[in-house]
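Here is what each chain is made of, one letter per residue.
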Amino acid sequence: MKQYIDKDERLSKMMRIALFGLLLIAAPLTDAHARECYEGTATINQQNSGKKCTLQEKGYYNSSAGPKTHDGCTAAKADARKKLIARIQKSCAPYVQTNAPCTVININRCT
């Protein structure tokens, strides 16, 4: 009987350690570590693209994040533009625009 209790106690301790480990792993995923960053977006110019872009491409957009500085906003827009151009045909690339102002978002990492 004593041996059975020891196994239960050991299992209980292992469960507590596992639970504590999971909490430590999940802690960085919470909003407690969120930072304010800029989000820049790239879209297709709807009016001027004409037949150079397909109807599907005209609905595409991409976004990217950067530090909350002017340079961070500029870099986020450039990255969003690069990602969008990779998704569309070459004839549509000149109609990619990043005119919208950056917006402030809260995420774990500004890249």
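See the structure above.
Residues numbered from 1 in each chain as written. Predicted model: local features only at pLDDT ≥ 70, side-chain atom pairs only at ≥ 80, totals over all residues. Heavy atoms only, no water.

## Considering the pattern of salt bridges
(1) Moving on: A complete count under the given rule lists 2 salt bridges for this structure.
(2) Moving on: With its nearest N and O atoms 2.7 Å apart, the salt bridge here joins Glu36 to Lys68. Placement of Glu36 in strand 1 (residues 35–44) and of Lys68 in the loop between strand 2 (61–67) and helix 3 (70–85) is noted, with a sequence separation of 32 residues between them.
(3) Moving on: Owing to a relative accessible area of 42%, Lys68 belongs among the partly exposed residues under this scheme.
(4) Moving on: In this structure, Lys83 engages Asp79 in a salt bridge whose closest nitrogen and oxygen atoms are separated by 3.6 Å. Remark: Asp79 and Lys83 occur in helix 3; sequence separation between them is 4 residues, near one turn of the helix. (Salt bridge = Lys/Arg side-chain N within 4 Å of Asp/Glu carboxyl O. Helix = DSSP H or I, 4+ residues; strand = E, 2+ residues; numbered from the N terminus. Buried < 20%, exposed > 50% of the residue type's maximum accessible area, 1.4 Å probe, protein only.)

## A word on the environment of Gly50
(1) Moving on: Along the chain, Gly50 turns up in the loop between strand 1 and helix 2 (55–58).
(2) Moving on: Residues Gly50 and Tyr95 lie 45 residues apart in sequence; the distance between their C-alpha atoms is 9.6 Å.

## Details of the state of the cysteines
(1) Moving on: A complete count under the given rule lists 3 disulfides for this structure.
(2) Moving on: Residue Cys37 pairs covalently with Cys110 via a disulfide, S to S 1.6 Å. Since a negative S-S torsion denotes a left-handed disulfide, the Cys37-Cys110 link at about -80 degrees is left-handed. Separated by 73 residues along the polypeptide, Cys37 in strand 1 and Cys110 in the segment after strand 4 (103–107) bring together distant segments of the chain. In terms of burial, Cys37 and Cys110 fall into one category: buried.
(3) Moving on: Here Cys73 engages in a disulfide with Cys102; their sulfurs sit 2.0 Å apart. (Disulfide = S-S within 2.5 Å.)

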